[in-house]
Structures are given as structure tokens and as C-alpha cells.
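Residue-level structural notes
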There are 2 protein chains.
Amino acid sequence: MTKEEEEIKRICNEVIERIRPDDAERARVKAVTDSIIDLINQKALAMDIEAHAISVGSTARNTWVHGETDIDIFIMFPEDVPEEVLKENGLALAKSISDRYEERYASHPYIHAYFYDSERITEYEADLVPCFALKDASTLKSAVDRTPFHNGYIMERIQGLEDDVLLLKLFMMCLDIYGSELRRKGFSGYLCELLILNYSSFVELLSNASRWCYGERIDLEGKGKYKGEDPLIVIDPVDRNRNVAAAVSEYSFCRFIDAAREFLTQPQMSFFLPRVPDPMSAEEFAKQVKNRGTVFVMVLFEAPETVEDILFPQLRKAEVSITNLIERAGFKVYGSDVAVESGKAFLLFELLIWSLPRLKEHMGPPVTSKYHSEQFKNIYASTHRLFIVNGRYTVEVERRYTDVVSLLKNELISCSLGKDVSESIGRGYEVLRNEEIRFVDGIGYFLSSYFRGI
Amino acid sequence: MTKEEEEIKRICNEVIERIRPDDAERARVKAVTDSIIDLINQKALAMDIEAHAISVGSTARNTWVHGETDIDIFIMFPEDVPEEVLKENGLALAKSISDRYEERYASHPYIHAYFYDSERITEYEADLVPCFALKDASTLKSAVDRTPFHNGYIMERIQGLEDDVLLLKLFMMCLDIYGSELRRKGFSGYLCELLILNYSSFVELLSNASRWCYGERIDLEGKGKYKGEDPLIVIDPVDRNRNVAAAVSEYSFCRFIDAAREFLTQPQMSFFLPRVPDPMSAEEFAKQVKNRGTVFVMVLFEAPETVEDILFPQLRKAEVSITNLIERAGFKVYGSDVAVESGKAFLLFELLIWSLPRLKEHMGPPVTSKYHSEQFKNIYASTHRLFIVNGRYTVEVERRYTDVVSLLKNELISCSLGKDVSESIGRGYEVLRNEEIRFVDGIGYFLSSYFRGI
């Protein structure tokens, strides 16, 4: 065993002791889970609803990281129940057993509820999700119906590999690439479990990931039919047409590969400690702006009241549209990012070129095109000096916007922004430049992450 | 006849009276030409040189514009004379008959001499050019050997069309596109004559030219084999593999088309009056710079002592190389031009972007390329913050040159500039910006032509 291998082993052992739920925690979680299931099943009988509850997710599989206990209970309805009945009865059942809950919405509505263990030591959070009990994962009515199949597949195979799953999840969390939400575009818990199943251990996975190529394909059952072009393709064992890693962005993919190589060659405990950046202060920011010589422009508006998985794709779309608007006008973007904090949405652009001369070349038709040349000259010849450049008539016109701030103040709304973002921006927005950016509402954290790098 | 046609006829008649040499002028030129030929032939006999002189060019064909009298005398040697003998005897013969002359050099050396007419009223300039008398234009020893064939072809056909040739030549002169020198890249006298032969009149040529397309092909003898891709292709009737219009630039081609259309629709005497622009003053220039918002940078150096046809292609090459240097460094050129005046060479660049932030993104290898990633990190990881952008490692480095003037002051000599220009610049050059540009040495004319348009 090399020195690095020994060090890796030492670190992993130390980490696992820290994050593996102890027997008492496991027993408490199991007791709470069982009691919720019992309550639902009893209520179903009492309310004459044909449904039963099952435990799924990391708490069902013993793959939750200490302190990250999310209990997932699925309330299973027969396939032939109409969808509206499932929703109505499912939510009614879930609400009937909870003292404190919120109604939430993913692809389907569900109940997020709070339960104490029997000794009232710890309060646990649980998602109570109505779904259809299908015979076959290929006849899905909605994405949640797939979960019980995932649960079954992992439950049957994961025993003995739980510690490796825990290490991988914490590793991903500390890289900020854990979770398939569209804000993060990282690795889901289920994907982590499949990766461990495929490579048989955390270290073996890292060793393979350090040599991954774009389009890396993993197919545990060898029956994949998925044809997409994603950075990472992990065929869903319960649905051969689906890529479990479809949400993994190029960035998350690369970040994981990079960290895998780094950890294997220079193992350090820091890979398992969350990086909490200090917020950037106004003074630090001013210093950065001066050193870099660039200009920062921030578009600031009220965050639309919509779930993150809808809001973030819209913000990313706006980021691309606005970058295009800026560069079509002749300016140059160096970098950009988006964030939502304290009810505000931010679009940040760092500019290499933010100001241009008034003068602009307006290109006309080729001189050899007689008809179009006449049209062009009718418009311009009496008011503009004509030039011939590369065989075309050109005239010198005034640039409409000579700086990025005036461009954004006037043309932002013409961009393709996404429905909710567009509506919110339509109600008003600010365009702030360099020192006008106010260090409130978490902007300091946002900016420090912008400058941080990997 | 339309109103425009009448006006065109009136203008052309007026112009032709002004520029057609009168009988006295013609007689004087003929007398001088004949006397030069006689002198050469007598001297050849006396010096026992087997050679005879002929008159070629516009004075031989009665197609010279009043005041533009260039007498061309070719001294014809038998094909079997060795080239060195031709040069030696040809120049000796030419010198022996001239009191005042200069030795000049095109593709071959020749003598430029001065002769008075018999009444000593006018001094004429004549080129005395030794060449081979060939049987067939396809067995050329040098480009000058083609001239007697051109002369024969035009002499046999041009009678009656001389006035149209004169109108065309003056039209081209006033557009500044007459002459095939590489400084101008316009229409040669021979090309003008062929165009008139082909279209039978000046007005008919304009009418056709107003509909010319890129790659327009004219082949009087219908035997052309030329395959090049020039804007205008006029097959040489005495050499079917040659394009007489090869020197015509896209600009000259377009300029002629544009003027043809303009003159036909709005005939004006101004088309036959040379445009002599006023030189721009320092004050006017400063005002232009302010209005345009751009920055002008001029590279100034001693003009190499070489003929224009060698110098100008080198200056144009330098213009392109330096534009590429500027744009590779991230700046943006709006326009550029070159000039030679009073022994100085000028390269002018007008910039849309002349200054950039210190910050520069340096792109590394794709993260998935393990070997190159390690190399890149070995170089940068200890000193630079790493980012992952579009699947590649990147670092932020300092831009070497943040303004165009410092770039040119330091890197100009690394450009591909052409031998003579490179040597001259190697001996020293200046880079001047906006108000530093000194209005001496014809710079005022150069700048006013830069801003003038068509």
C-alpha cells in the first residue's frame, strides 16, 4: 500500500465515523418511519382509501449522512385510480396524520411534514408523496412513480456498500455538486448509489472518474437505449431509455473528475469539510475591480415567487440572452453568474469591453448588386458619406448605445428572459455598475463565490 | 433621345474638345517620335548593332490625353541575341541619342529621356525600352516583349474609337483608378482600349459596366484559357492565358461600376474634373477624432528607397499583418490605410477598441484530458486560481499589452512586413496617437483622402 493509499484509508475511516448515523440514530429514524407508515395505513383503512405507505430514499437504504435525515414516505395507490382521486385522497391522508405540515409541489403535489420521535428528542422532516403502484417502470404516469422502483433496485444490492455511498455523498456536498436540482445540476443521491454499485467502492470510483471522458457511459444492466449527448450517461437500471445523470452539468462532471484526481494524488481531510466562503466586502470588491480593470454590471430585480427548479433555468436563459444582447452590440463579456438571495434575483456581468465609440460601420449591399445598391443609396446617399469596403457600400452611422449600462437600461426587456423573470423585470429593475452595487441581501457571498474558482 | 442621353452627349463632346490633342500637337509628337526612331536606327547602323526602333503605346495609337504625352519607343533585337547583349547594346543605343536621361527599371532596365521638338517649343519625355522581336507572343522572354504585340493588335482596330478611349481614360483618372501600378491597382491604358473595342463606345461600356458582376469575363477573340478568380477578367487577345485586368482591385472594379451608374443617371461635368481634395488641417482632424470617438494610431518610418511597385505591396502586407497583430491582442481596427509622401511611409490605423483591462482569460486543456491537465496544473496551480469554463481549465493572467500603442512599440518588428519595409522599420519608427500626429509631409492630403469616401 502506498503512502497515499494509507492516507486515503485513514481519512475515509475518520470521515465515516463522523458521518455514519450511529445505531441509536438509525433506530430512532426507523421507529419514526415505521410509525408514520402505520399511521397512514390505519387512516387509509379508516377513511376507506385503497392505499398503503412505503419507506423509500436514503433513510430506507441506510445511506443518509448524519444530520441530513430526510424521511421519504410514498403513499401507493392502485394503477386504476383516477389521477385527481390520487391527488385528493393522497394529500388528505398525509394531512390527516400530521400536526404541522406544508403543501409543496414538484412534478406532483406532496406534503412536507414534521414528526418527533417517541421520546420527543429529535424533530424529523418527512415528505409524504402520493404515487401510483405500477407493475412496470416503463408505464409511468409521472416521474415520482419511478421512485419505488429505484428504491427496490438499490435496496436489493446496496448492503455492505453504505459507507462508500456516504463518503461519496459528503465528497459531492463539499464540492457543491450534490443534488440534481436545476440550481446546482449535480449528482443525485440515487446516482451516487448507482456509481458505487458500478465501481464497488468510493476509491475505485474516484480512480475511474479520474480517467472519465466526455460522454462516459455506465450501464449496470447492459441494456441501455439512451441516445442523448450528455457529459455523463448512467443508464437507469429500471428504465433503459433514461439517463440518471442527465441533470449533471459539464461543470459538475469536470469538477468531480478534477477533485477525484486531486484527492487520489494529494489526499486531505479538507475534501470532506464544507467550504464556507467569507462574504466579500465592498472594499474587497472595489479592490478587485481596480486590479482587474474590468467593469461589473449587475441587473437586480424582485425574485419571482416560483420554485427554484423553474426559476433557475429562467435565470440561466436570461444570462445567455443578455450576454448575446451585449455582444451583438459590440461589447465583450468576460464572465457572468446568477443568484437569488433574500427575495432578490441578481444577474452579474463582468465586462472586458463596456464602452465603444459613437462611430459604427453600417454595411450595405455588394456594389455589383444593382437593385439593392440603388435602394441603399436612396436611403443614405443624400445624408451620409459612402465608402466601398470589401466590395460593399458602407456608411458611417451613430452607434445606438455606446455603453453597456444604457444598453441594458433600454433594451433588457427585449431579451428572451423566460416567463416569470420577464414579468418581474417588467415590473422594474435596476442596472448597477461597479461601486453602485450594494452589499446587502447576500451579495457578498455571491461575489466571493464568483471570484473563488474551483 | 432622353434628357440624360442628350446631357451625356453634350458633356462628352465638351470634354473631348478639351482633351483631344489638336492637329498641331499630333504633328509635333509624330515628328519627335519619328526623329527618335531615325536617330536610333542610324546609330544602330553606325555601331553595328542589329536592332531597330518602333513607336508603341498611346502616342503611336493616337489615344493619349492632351497633356499626358508619354512617348514609348521600343528597340527591337533579334530573338537569338543573348539577354545580356540586348541589355548592354539596348541601353548604349538609347543613351547615345539622348542629351538628358535617367536609367530606370521595371521588369527590365530602360532609359527615360527628354527631347525637344524641332522648334524647341515643348519638351517631351520618352521611354526607350530594349526588347526582343518575337514571332509569337506565347514565347515571351519578359513582360516587355508583349508590348509590340499589344501595339499591333490595337493599331489595327482602334481607328475611329480614339475619342471614346480618351473619354474613358479621363473618366478613370478622375476616379483615381487609372493605371495598373500596384499603388493604385486600376485600369491600364491597354485595358481601356480593349474595353472600348469590346463595347464599341464609352457610353455603351458604362451601360454594360453598370450591370457587371464579380468575375465579369470579356474575351474579344473567344479563345481565353484563363482560370483565375479576379473581379474583372479581360482575356489578352495576344495571350489567351493572361488576364489583362488581373491588376484591377475589387475596389477599382466597384468604383468604376458605381461611377458608371451615377454618370448615366445623373450626368455631370464633375466626372471629368480631377478631384483635388484640400489637405486636412490639424484642427479638422482633432474635430473628427472627437466626433468619431475612435483613436488613430500612425506608424511612421523612412520610406525604403525602392520602386513603388515593390514598396506598395509591402506596405499593404504590413497593413494586414499589423491589423492581425492588433486584433489577435483583443483590440479592434475600424479602418486603415497606407501612404508614402516626402520620403516617409505612413501606416494609419483607426481603432474601435484601443485599450483593454489587464485581466485576460488563459484557456487550458479540457478537464477530461488527464495528461494535459496535469501539465497545466503543474505550471499554474501553485500561483493562479483555477476555474473550469466550458469543460476546460482556465486561469486569469495579466494581459501583456493593455493598449495598442505599447503593443506596436514593442511587437511591430515581429510582424510579417516585407523585406524593405522590415529593414527600414528595423532602423527605427514612431508610433503616434491622435494629436501626436504631425501635419507635415503630405499627411493632410493622406488624411483627407482617408475620410473622403467615394
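Scoring rules and cut-offs
- Residues numbered from 1 in each chain as written.
- Chains lettered and ligands numbered in written order.
- Predicted model: local features only at pLDDT ≥ 70, side-chain atom pairs only at ≥ 80, totals over all residues.
- Helix = DSSP H or I, 4+ residues; strand = E, 2+ residues; numbered from the N terminus.
- Buried ≥ 20, exposed ≤ 12 C-beta atoms within 10 Å, placed from the backbone.
- Contact = placed C-beta atoms within 7 Å.
- Pairing = 2+ DSSP bridges.
- Axes fitted to C-alpha atoms, helices over the stretch in contact; angles between N-to-C directions.
- Core = buried A, V, L, I, M, F, W, Y, C linked by C-beta atoms within 7 Å.
- Domains from an automatic or database assignment.
- Least-squares fit on C-alpha atoms with pLDDT ≥ 70 in both.
- Nonpolar A, V, L, I, M, F, W, Y, C, P; charged D, E, K, R; others polar.
- pLDDT = per-residue confidence, 0-100.
- Parallel < 35°, antiparallel > 145°, perpendicular 65-115°, else oblique.
- Expected span 1.5 Å × (residues − 1).
- Arc of directions from axis to C-beta.

Below, the discussion takes up the overall build of chain A. Per the secondary structure count, chain A includes 15 helices and 15 strands. For the C-alpha atoms alone, the extent of chain A along its principal axes is close to 85 × 60 × 45 Å. For chain A, the residues scored as buried account for 35% of the 454 residues in total. Restricting the contact set of chain A to residue pairs at least 6 apart, pairs at least 24 apart contribute 64%.

What follows is about the sheet that holds strand β5 (residues 123–133) of chain A. All names here are of chain A. If you walk across this open sheet you meet the 5 strands as β1-β2-β5-β4-β3, and the pairing is mixed. Edge positions in the open sheet fall to β1 (52–56) and β3 (100–105), since each of these has one partner strand only. Ignoring which end each strand starts from, the neighbouring axes of this sheet average 30 degrees apart. When β3 meets strand β4 (residues 109–116), the two strands line up antiparallel, connected through 6 bridges. Residue pairing in the sheet places R104 in a bridge with Y110 of β4. Each of β1, β2 (70–78) and β5 is contacted by helix α5 (residues 147–155), which is oriented at about 55 degrees to β1, the strand it contacts most.

The next subject is the nonpolar core. Formed by 78 residues in total, the largest nonpolar core has its most connected members in A:V297, A:L347, A:L351, B:L347 and B:L351. Once residues within four sequence positions are removed from consideration, A:V297 is found in contact with A:F349, A:L351, A:V404, A:V405, A:L408, A:V431 and A:R433. Core analysis: the second largest hydrophobic core is formed by 44 residues, B:L166, B:M172, B:L191 and B:V248 among them.

How big an interface is tends to be stated in terms of accessible area lost as the parts join. Considered domain by domain, chain A is made up of domain 1 (20–145), domain 2 (162–272), domain 3 (282–356 + 401–452) and domain 4 (359–398). Relative placement of domain 2 of chain A and domain 4 of chain A: their C-alpha centres are 56 Å apart.

What follows covers the sheet that holds strand β7 (residues 232–236) of chain B. Picture the strands of a sheet paired through backbone hydrogen bonds; they go either parallel or antiparallel. All names here are of chain B. Taking strand neighbours across the sheet as the criterion, the 3 strands line up as β6-β7-β8 in an open arrangement whose pairing is mixed. The open sheet has two free edges, formed respectively by β6 (216–218) and β8 (239–243), since each of these has just one partner strand. Neighbour-to-neighbour, the strand axes of the sheet open up by a mean angle of 25 degrees, direction not taken into account. Judged from the 3 bridges that link them, β6 and β7 form a sheet pairing that is parallel. Bridge assignment links I218 to a residue of β7, and that residue is V234.

Structural alignment of chain A on chain B gives an RMSD of 0.1 Å, achieved by rotating through 180 degrees and translating 0.0 Å along the axis. Between the two chains, the operation in question is that of a two-fold axis. Within chain A, A:I353 has its C-alpha nearest the rotation axis, a separation of 4.1 Å.

Moving on, we come to the interface of chain A and chain B. Contact with chain A, which involves 32 residues of that partner, is made by 32 residues of chain B. At the level of elements, α9 (250–265), β11 (344–353), β12 (359–366) and β13 (386–389) of chain A are the ones that each hand at least two residues to the side of chain A that touches chain B. The element contributing the most residues to the side of chain A that touches chain B is α9(A), with 6 residues. Here the side of chain A that touches chain B is composed, by residue class, of 17 nonpolar, 6 polar and 9 charged.

Take A:I353: it is sitting in strand β11. A:I353 sits in the buried class, given 23 other C-beta atoms within 10 Å. Remark: the alpha-carbon pair of A:I353 and A:S414, spanning 61 residues in sequence, is separated by 21 Å. Excluding residues within four positions of it along the chain, A:I353 makes contact with A:F331, A:K332 and B:I353.

A few words now on the environment of B:K185. Residues and elements named next belong to chain B. Its location among the elements puts K185 in the loop between α6 (162–174) and α7 (189–199). Looking at K185, the number of C-beta atoms within 10 Å reads 20, which means it is buried. Here the alpha-carbon distance between K185 and V248, two residues 63 residues apart in the chain, equals 5.1 Å.

Turning to the confidence of the model for chain A, a few remarks are in order. Averaged over chain A, the pLDDT score is 94; the fraction of residues at 70 or greater is 100%. In the predicted assembly, ipTM is 0.91 and pTM is 0.87.

All right, on to unusual backbone geometry then. Residue and element names in this part refer to chain A. A positive phi angle, close to 50 degrees, is found at S342, a residue other than glycine. Counting through the fold element by element, S342 comes out in the loop between β10 (332–341) and β11. For S342, a count of 9 C-beta atoms within 10 Å translates into the label exposed. Of note in this structure, N390 is not a glycine but carries a positive phi near 50 degrees. Within the element layout of this structure, N390 appears in the loop between β13 and β14 (392–398). By C-beta crowding, N390 is classed as exposed, having 10 other C-beta atoms within 10 Å.

All names here are of chain B. Between α7 and helix α8 (residues 202–209), the shortest axis-to-axis distance is 8 Å and the interhelical angle comes to 90 degrees. Viewed along their axes, α7 and α8 adopt a mutual orientation that is roughly perpendicular. Residues L195, I196 and Y199 of α7 lie in contact with α8, whose contacting residues are F202, E204, L205 and N208. Broken down by class, the residue content of the contact of α7 with α8 amounts to 5 nonpolar, 1 polar and 1 charged.

Two faces, one strand: in a regular strand the side chains alternate between the faces of the sheet. Residues and elements named next belong to chain B. Between strand β3 (residues 100–105) and the antiparallel strand that follows it, strand β4 (residues 109–116), lie 3 residues. Inspection of the sheet shows β4 paired to strand β5 (residues 123–133) by 6 bridges, in the antiparallel sense. Looking at β5, one finds that F115 is bridged to Y124. Linking β4 to β5, which pair antiparallel, is a turn of 6 residues; within it R120 sits at a positive phi near 55 degrees.

At 3.6 residues per turn, the α-helix brings residues three or four places apart onto the same side. Residues and elements named next belong to chain B. Spanning 14 residues, helix α4 (residues 83–96) covers 20 Å between terminal C-alpha atoms, matching the ideal 20 Å at 1.5 Å per step. Three or more residues of α4 are buried, namely L86, N89, G90, L93 and A94. Viewed end-on, α4 has its buried residues packed into an arc of 130 degrees, placing them on one side of the element. Buried residues belonging to α4 abut α2 (23–46), β2 (70–78), β4 and β5.

Before going further, it helps to spend a moment on the environment of A:D236. Along the chain, the position of A:D236 falls in strand β7 (residues 232–236). Those residues in contact with A:D236 that sit more than four places away from it in its chain are A:R242 and A:V244.

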